[in-house]
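The residues making up each chain are set out below.
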Amino acid sequence: MVKRITTPGAMGAMQNKEDTTMKKFITDIKTLAALLIAGAAFSACSSDDNTIDNQPTTGKYTLTVRATKSDDAAAVKANAATRALSLSLDGSTLSASWAEGEKVIVYKTGESMFPGTPGMPVLIGTLEPTDINGTDCTLTGDIDLDKAPEVNETLQLVFPGSRGTEDGAGSVAQDGTLATIQNYFDRAHAEVTVTSVNGTNVAATAATFENEKAIVKFVLKNGGDVIIPTSVSVTLTHSGYTPDEPVTFSDFASTYTANGGCFFYAISGLSGGNFSGDIALEATDGTYNYSYSKSDVNFTAGKYYEITVKMTK
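Counting restarts for each chain, with residues numbered from 1 along the sequence as it is written. Per-residue local features are limited, in this predicted model, to residues with pLDDT of at least 70; the limit for side-chain atom pairs, both in listing and counting, is 80 or more; totals at the level of whole chains, interfaces and linings are taken over all residues. Side-chain figures throughout are based on the complete set of non-hydrogen atoms in the structure, without hydrogens or water.

Asker: Help me understand the overall build of the chain in this model?
Answerer: Helix and strand definitions here come from DSSP, where helices need a minimum of 4 consecutive H or I residues and strands a minimum of 2 consecutive E residues; each element is numbered from the N-terminal end. Secondary structure summary: the chain contains 3 helices and 19 strands in total. Working definition: with a 1.4 Å probe on protein chains only, accessible area under 20% of the residue-type maximum means buried, over 50% means exposed, and in between means partly exposed. Across the 313 residues that make up the chain, the buried fraction comes to 36%. In this description, contact between two residues means that some pair of their heavy atoms is separated by no more than 4.5 Å. Sequence-distant contacts, at least 24 apart, represent 65% of the contacts inside the chain between residues at least 6 apart.

Asker: I keep staring at the packing of aromatic side chains and nothing clicks. Help me out?
Answerer: Describing an aromatic ring pair means giving the distance of the ring centres and the angle of the ring planes. Working definition: a ring pair exists when centres of Phe, Tyr or Trp rings (six-membered ring for Trp) sit within 6.5 Å. Plane angles under 30 degrees give stacked, over 60 give edge-to-face, the rest tilted. Considering all chains together, one arrives at 11 aromatic pairs under this definition. Following the ring pairs from residue to residue traces out a cluster consisting of Phe218, Phe249, Phe252, Tyr256, Phe263 and Tyr265. Between the NZ or CZ atom of lysine 313 and the centre of the ring of tyrosine 288, over which it lies, the distance is 4.1 Å. Distance and angle both matter: a charge sits over a ring if NZ of Lys or CZ of Arg is within 6 Å of the ring centre and within 35 degrees of the ring normal.

Asker: Explanation requested: the nonpolar core in the structure shown.
Answerer: Counting 37 residues, the largest nonpolar core has Leu220 and Phe263 as the members making the most contacts within it. At the level of secondary structure, the elements contributing two or more residues to this core comprise strand S3 (94-97), helix H2 (178-185), strand S12 (214-222), strand S14 (231-238), strand S16 (263-267), strand S17 (275-284), strand S18 (289-299) and strand S19 (304-310). Leave out the neighbours within four places in its chain, and leucine 220 touches Asp225, Val226, Ile227, Pro229, Val232, Tyr256, Phe263, Leu281, Ala283, Val309 and Met311. The definition of a nonpolar core used throughout is a set of buried Ala, Val, Leu, Ile, Met, Phe, Trp, Tyr and Cys residues joined through side-chain atoms within 4.5 Å. Of all hydrophobic cores here, the second largest spans 25 residues; its members include Leu63, Ala67, Leu157 and Val194.

Asker: Quick question: what am I supposed to make of the side chain of histidine 238 here?
Answerer: With respect to the secondary-structure elements, histidine 238 resides in strand S14. On the basis of relative accessibility, which here comes to 7%, the residue histidine 238 falls in the buried class. The residues contacting histidine 238, other than those within four sequence positions of it, are Asp244, Ser268, Gly269, Leu270, Phe275, Ser276 and Gly277.

Asker: Before we go on, may I ask you to explain the environment of leucine 155 in this structure?
Answerer: If you trace the backbone, leucine 155 turns up in strand S7 (residues 154-159). Of the residues examined, leucine 155 reaches a relative accessible area of 3% and is grouped as buried. Separated by 49 residues in the primary sequence, leucine 155 and valine 106 have C-alpha atoms spaced 6.8 Å apart.

Asker: What should I look at first to understand the environment of glutamate 306 in this one?
Answerer: Structurally, the position occupied by glutamate 306 is in strand S19. There is a polar contact of 3.3 Å between the side chain of glutamate 306 and the side chain of tyrosine 304. A 3.5 Å cut-off defines polar contacts: any pair of N or O atoms within that distance qualifies, except that in protein one atom must be a possible hydrogen donor and the other a possible acceptor, and neighbouring residues in sequence count only when both atoms are side-chain atoms.

Asker: When you look at the environment of glutamate 128 in this model, what are you seeing that I'm missing?
Answerer: Tracing the backbone shows glutamate 128 in strand S5 (residues 121-133). Overall, the relative accessible area of 33% leaves glutamate 128 in the partly exposed class. Along the backbone, glutamate 128 and lysine 103 are 25 residues apart, and their C-alpha atoms lie at a distance of 4.8 Å. Once residues within four sequence positions are removed from consideration, glutamate 128 is found in contact with Gly101, Glu102, Lys103, Thr138, Leu139 and Thr140. A polar side-chain atom of glutamate 128 sits 3.2 Å from a polar atom in the side chain of lysine 103.

Asker: Would you take a moment to explain the pairing of S16 for this structure?
Answerer: Looking along a regular strand, one sees the side chains alternate between the two faces of the sheet. Of all 5 residues that make up S16, 5 are buried, and the element is covered over most of its length. The side-chain alternation of S16 yields two buried faces, one formed by Phe263, Tyr265 and Ile267 and the other by Phe264 and Ala266. For two strands to be treated as a pair, DSSP must find no fewer than two bridges joining them. Bridge count between S12 and S16: 5 bridges; the pairing is antiparallel. The residue of S16 that forms the bridge with phenylalanine 218 is phenylalanine 263.

Asker: When you look at the pattern of salt bridges in this model, what are you seeing that I'm missing?
Answerer: Pairing of side chains with opposite charge becomes possible as their charged atoms draw close. Salt bridge criterion: a side-chain nitrogen from Lys or Arg within 4 Å of a carboxyl oxygen from Asp or Glu. Per the stated rule, a full pass over the model turns up 6 salt bridges. Between lysine 103 and glutamate 128 there is a salt bridge, with the nearest N and O atoms lying 3.2 Å from each other. Taken together, the positions of lysine 103 in the loop between S3 and strand S4 (104-109) and glutamate 128 in strand S5 put the pair 25 residues apart, joining distant regions of the chain.

Asker: What am I meant to see in the sheet that holds strand S15 (residues 247-249) here?
Answerer: The 4 strands are arranged S15-S14-S17-S18 in an open sheet whose pairing can be described as antiparallel. Edge positions in the open sheet fall to S15 and S18, since each of these has one partner strand only. With strand direction ignored, the average angle separating the axes of adjacent strands in the sheet is 15°. As judged from the 3 bridges shared by S14 and S15, these two strands associate in the antiparallel manner. Following the sheet pairing, valine 232 is matched in S15 by phenylalanine 249. For helices, the axis comes from a line fit to the C-alpha atoms of the stretch in contact; other axes are also lines fit to C-alpha atoms, and the angle between any two N-to-C directions lies between 0 and 180 degrees.

The following block contains the structure:
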């Protein structure tokens, strides 16, 4: 067996080499630890900065919009931007104001399957009036989005939406009263543009609603006498189109009398807007039948009309 003999000098050199290696290892460990701590601190600072600048990517946002009626006062007697409708004491003017509890539906344009073609509107929430001042108010409420809204994005507002249906009416039929018209049929729309997104708070431009229906007060007469009908049927025919299904008010005498010897009807053109076409009315008082028709009639959306109809017995 051959023995390896290590001299004291060689032993010292080996020990120094091991000490140097260990010191370098310790230094590397300290350097790595310092880098990890610095990285963690940087990440924490970056995270804080991002929470200030970035918005949530999904969830509920609170939208606030100031809403006013149309500036064209001459064209707005029954303004669909407001739902609480009331007649003046002499019955000649129909005024409107916002009321607590009513709702406005909010839509955004959805994705389209076809390039260059806008998508279908997607319902994203409802707004309610606050800070009411007659025809002006602030609309506010939650909207539900799959991503944060963008500044300059366009949103559509539809009114009324107080009964949870897309147009506010659903299967409800007109009954000749202002109450039903103001709750379901006094329809209007507006477009607003998102101006800022701060966290979950979204602000937009003021909304000026465009009316989609005219409101007409009909008084039915036989000669000089007011007819108190037990039923009334109204048929509208848009220019160039087949007649609409008649809208019939049945068991109508008490309602007609309660209205003050008249009935109210909301009329719109095709896809909302002005109506142009023919109108036909039929009525019965339980004893006699009466009829009336007129061609080339025009009703302007947003206006209030009072019409005395001289029926033919």
